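Listed below are the residues making up each chain.
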Amino acid sequence: MHTHTMDVRPSPRRALLLALALLMSACKTPSATGGGTSSGSSSGSSSSGQGRNEDVPRGDPFPSRPSVEARKDAQADQALAQAIQQAETAPRKQAAEGFLAVRKAYPQTTAGQEALYRAGVLFYDSQDYVNARKSFNELLFENPLHPQATEAKRRLGRAALEVGAYRDAYQTLYSLAERAEGAERIQLLEDSVKAAEKAGLFGQALRISVDLAGNAQTPEAQQAAVARVQQLVEGRAGFMDVAQIMEELPSSNPAWPVLSFKLARIYYHLRDWTRLEETLNRFLAEAPNHPFAPQARELLARATRRVDVQTKTVGLLLPMTGKYKAVGEAVLRGVKLALAGSDIELVVKDTQGDVNLAAQGMEQLAFDEGAIAVLGPITSDESRRAALVAEELQVPLLTLTRQEDITHIGPFIFRNMLTNSAQARAIADFAMKQKGFKSFAMLYPNLPYGVELANDFWDHVVENGGQVRGAETYDHDQTTFTTEAKKLVGRYYLEDRLDYIEGVREVQKETTGQDAFRKRKAMEKMRGEVEPIIDFEAIFIPDEWRRVSLVAPALAVEDIVTNACDARDVERIRKTTGKKTIKTVMLLGTNAWSSSKGASGMPELVERGGKFVTCSVYVDGFFVDSQKPATQRFVKAYRQANSGDPGLLEAYGYDSARMVRQLLDSKQAPKSRGELREALANVKDFDGATGKTSFDEKREARKPLFLLSVSNKGVTEVPPEQSAALGGS
């Protein structure tokens, strides 16, 4: 015995509808109604909520039975006849008012209803559509079975269209079209399309237009209907509407090629390659000579090429023009140096700093160039967009952005760039684990960069058992920092200090009977002798070097000693000030402290900050004067190939490209994007210009950053064996 089983697998389009309906149910959004008297969102007006048509007008909007029992009345009939006679010579609006007078005098009579209808007709003919709607609505509510009900509805629908009540117009006109025939039905459907479009009911407009295309009696009418279909599917009707209509649409309908090609493009954006190829192959079989056929062939070829990988082609997304041009050029110099002498083909796509061009470039590198991997972009927004596309296409992307959590997008996204969180962690680890500091203060600019770094540093300090004793922020363009320095050491709100209050009392007691001048001088002297409260061992300043060179002297004015690097410096300061106890504080910074060399050959930070910035330590992702062999090799090669010294961007571009080159040149070189992704994820201790790099489980590049010490001789790298002995009291 053979058991017959029913195949219950959904068709491709039904599967799409089910998947999209489930997806959209979580993100339904309202849409514009385009005017009218009804409210609510409509299916077909946006890409969300498609197929959920609870709020879309349906059926006949009027009662199915009279709500008022009209009666015959001889007096009313006579009044109506008189009004009809007067209407033959009176202006239309005046005649309409005459009919309304009959209606008002005899409201529940057949003559009153007839007068109401005639008033509506006159208002409509005189283009007073507001009063026409009022009259027809009132009539049809009372008596939907009126002898002229159909004509009243027709005029009512078109009047609603004229005054912008589009949803009402659509509901009325479409309900009439369903019962009409011939030319009248065609006209009503065309009016319904206009009303539906204006109301934002694009799904309904699309369905009617497809119907009109299939039933067109002339080539001109068919062409107009297909053109309207094409207009609606381009950014107006939602993809659920397209999929639902295509589910039952025969290929003989003239609108079928337009909808079929649109559906293919939907599959393309959903990365549903199997259904994309099925749809395109059927399209080309059914409509090989359609104007969209060349695009369909190209799209099919592109989809086929997605698995064709050129194992020696690497893509690069950079802003080579626009306001970020200098950034792109810097990275490109490093990448070219890394690939020099190899057989790897580098394909550069200019993003111009634009997110759309970044996405477009990513697709071109994947489909047209067959790149096995892509490097870049740089800026946050374009990197995120490129990463989303790369993950969809499963192309390994090694981005160079500082954007936090970029690798969370998916397993094909890697990042090799100095981030704010990495800097905060590195400088906090140095201060706490190598220097043994437990208490800190912070001075930071009120900018996203400063706020983010300050928060990251604070979090890391607390996580490791430390404390932040003081935190002061300042404007990004501020040039004096006296107030902030006084607040850090408790000299700003002196009235809150007991020792100050005691000092005031003592001065007042000692100057009793003296003149005002001596009293003021004595008070100023006492105020200047109030000791600073320095309950922190280091101050974190996440700002650029120009601001740091102004902040450091302001701290010294408030007796915060930051320029004592060893015991000899402490002793010198003790002798100079006459103070027996000297508490030193270390300044900590980020890579924004890095500065170019000034006229003296010293870094400008040192030139401007002078002794006040000595003994400070900051962190960076690259140091051109590092003694690390890999860094020295890179700097030497760069100087030979380019004029000037490399910076952080050149170094990270170089290391990123060098890592990929090393994998592609290996004996077990990856043959697919998936294999390259696995190889990249397993990179450990790659010895590059920016340090020994490994990728962690989140595909973030981890490496020891450069700790840089500031002295009166310049900036030098802190060797690990010396960092514990650097600075502090």
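Residues numbered from 1 in each chain as written. Predicted model: local features only at pLDDT ≥ 70, side-chain atom pairs only at ≥ 80, totals over all residues. Heavy atoms only, no water.

Topic: the environment of V585
Within the secondary structure layout, V585 lies in the loop between α24 (567–577) and β9 (586–589). Discounting chain neighbours no more than four positions away, the residues touching V585 are I534, F536, E537, A538, I539, I560, V561 and T562. (Helix = DSSP H or I, 4+ residues; strand = E, 2+ residues; numbered from the N terminus. Contact = heavy atoms within 4.5 Å.)

Describing the environment of L284
In this structure, L284 sits in helix α13 (residues 273–286). Sequence separation between L284 and P294 is ten residues; the distance between their C-alpha atoms is 9.3 Å. Once residues within four sequence positions are removed from consideration, L284 is found in contact with A293, A296, R297 and L300.

Structural notes on the environment of L398
Within the secondary structure, L398 is located in strand β4 (residues 397–399). Through-space distance from the C-alpha of L398 to that of L316 is 9.5 Å; in sequence the pair is 82 residues apart. Not counting the four nearest positions on each side in its chain, L398 is found in contact with V374, L375, G376, F414, R415, N416, S656, M659, V660 and F695.

A few points about helix α18 (residues 420–434)
Here α18 is 15 residues long and its end C-alpha atoms lie 20 Å apart, about the 21 Å a rise of 1.5 Å per residue gives. Among the residues making up α18, those that are buried are N420, A422, Q423, A424, I427, A428, D429, F430, A431 and M432. (Expected span 1.5 Å × (residues − 1). Buried < 20%, exposed > 50% of the residue type's maximum accessible area, 1.4 Å probe, protein only.)

So, the sheet that holds strand β12 (residues 691–695)
If you trace the three strands from one edge of the open sheet to the other, you get β11-β12-β13, paired in antiparallel fashion. Each edge of the sheet is formed by a strand with only one pairing partner; in this case those strands are β11 (686–688) and β13 (701–702). As defined by bridge partners, β11 adjoins β12 across three bridges and the pair is classed as antiparallel. Paired with F686 across the bridge in β12 is T693. (Pairing = 2+ DSSP bridges.)

Looking at the nonpolar core
Residues L206, L259 and L276 are the most contacted members of the largest nonpolar core, which totals 75 residues. It is helix α12 (residues 256–269) that contributes the most residues to this core, nine residues altogether. Aside from chain neighbours lying at most four places away, what touches L206 is V229, L232, V233, A237, D241, V242, I245 and L259. Membership of the second largest hydrophobic core comes to 66 residues, among which are M320, I378, F540 and A689. (Core = buried A, V, L, I, M, F, W, Y, C linked by side-chain atoms within 4.5 Å.)

Structural notes on the packing of helix α2 (residues 74–87) against helix α4 (residues 110–125)
Their axes nearest at 8 Å, the elements α2 and α4 cross at an angle of 25°. On the basis of their axis angle, the class for α2 and α4 is roughly parallel. The two elements α2 and α4 cross, and the hand of that crossing is left-handed. Counted together, A76, D77, L80 and I84 of α2 and T110, A111, E114, A115 and R118 of α4 form the full contact between these two elements. In terms of residue class, the contact of α2 with α4 is made up of five nonpolar, one polar and three charged. (Axes fitted to C-alpha atoms, helices over the stretch in contact; angles between N-to-C directions. Parallel < 35°, antiparallel > 145°, perpendicular 65-115°, else oblique. Left-handed = near helix turned anticlockwise from the far one by under 90°. Nonpolar A, V, L, I, M, F, W, Y, C, P; charged D, E, K, R; others polar.)

Remarks on unusual backbone geometry
Look at the link from G376 to P377: it is a cis peptide, with omega at -5°. Here P377 shows up in the loop between β3 (371–375) and α17 (380–393). Positive phi values are uncommon outside glycine, yet Q127 reaches one of about 65°. Summarising the element assignment, Q127 is placed in the loop between α4 and α5 (129–142). Q127 gets classed as exposed once you look at its relative accessible area, which sits at 59%. Not every positive phi belongs to a glycine, and Q394 is a case in point at roughly 55°. Locating Q394 in the fold gives a position in the loop between α17 and β4. For Q394, a relative accessible area of 46% corresponds to the partly exposed category.

By themselves, these observations are geometric and do not establish any function.
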